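Remarks on the overall topology
Spelled out from the first residue to the last, the chains are:
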Amino acid sequence: MEKIVCVLCPMGCKIKYNAVDGKIVAVEGNRCPRGLSYLEEELKEPKRIVPTSVRVVNGELPLASVKTSKPIPRRLIPKFMELVKQVQVEAPVKVGDVILKNVLDTGADVVATRSVRRINSA
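Because the structure is predicted, anything quoted here is derived from the model rather than measured. (Residues numbered from 1 in each chain as written. Predicted model: local features only at pLDDT ≥ 70, side-chain atom pairs only at ≥ 80, totals over all residues. Heavy atoms only, no water.)

Things to note about the sheet that holds strand β3 (residues 23–28)
The strand order across the open sheet built from three strands is β1-β2-β3, with neighbouring strands paired in antiparallel fashion. Each edge of the open sheet is held by one strand with a lone partner, namely β1 (2–5) and β3. On average, adjacent strands in this sheet sit at an angle of 35 degrees to one another, irrespective of strand direction. Strand direction decides the pairing type here: β1 and strand β2 (residues 14–20), joined by four bridges, are antiparallel. Bridging across to β2, Glu2 finds its partner in Tyr17. Contacting β1, β2 and β3, helix α1 (residues 33–44) crosses the sheet at an angle of about 140 degrees to β3. (Pairing = 2+ DSSP bridges. Helix = DSSP H or I, 4+ residues; strand = E, 2+ residues; numbered from the N terminus. Axes fitted to C-alpha atoms, helices over the stretch in contact; angles between N-to-C directions. Contact = heavy atoms within 4.5 Å.)

Quick look at the structure:
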């Protein structure tokens, strides 16, 4: 049997399963139905929320932390990181600001998770 840890809740169920041609034929260890749906999604197309940072121009800090507003397909993460690497935003940045909308047509936005104030020019 293969193993996976469900991350949908704090219980972290250790799920054991057998799959044939992508179909689950045996499963044990999930303590709730969410574990089975998590396993099915992981086998079909795993997705992740991606935290990273973007460059800030004229900010008190050179970077602002950001994350995707919802999970994106894991297969797109390298392409996502290449895209975000090119992004620069002008300070000020506030928590919750949308930096990129509908990134890679996933329906997920890239949202600031840290505020960065503008440098006061004297």
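Re α1
For α1, built from 12 residues, the straight-helix expectation of 16 Å at 1.5 Å per residue is met to within 8% by its first-to-last C-alpha distance of 17 Å. Taken residue by residue, α1 has Gly35, Tyr38, Leu39 and Glu42 as its buried positions. End-on, the buried residues of α1 take up no more than an arc of 100 degrees, which puts them together on one face. Exposed residues on α1 whose side chains face more than 90 degrees from its buried face are Pro33 and Lys44. Residues of α1 that are buried sit in contact with β1, β2, β3 and β4 (47–48). (Expected span 1.5 Å × (residues − 1). Buried < 20%, exposed > 50% of the residue type's maximum accessible area, 1.4 Å probe, protein only. Arc of directions from axis to C-beta.)

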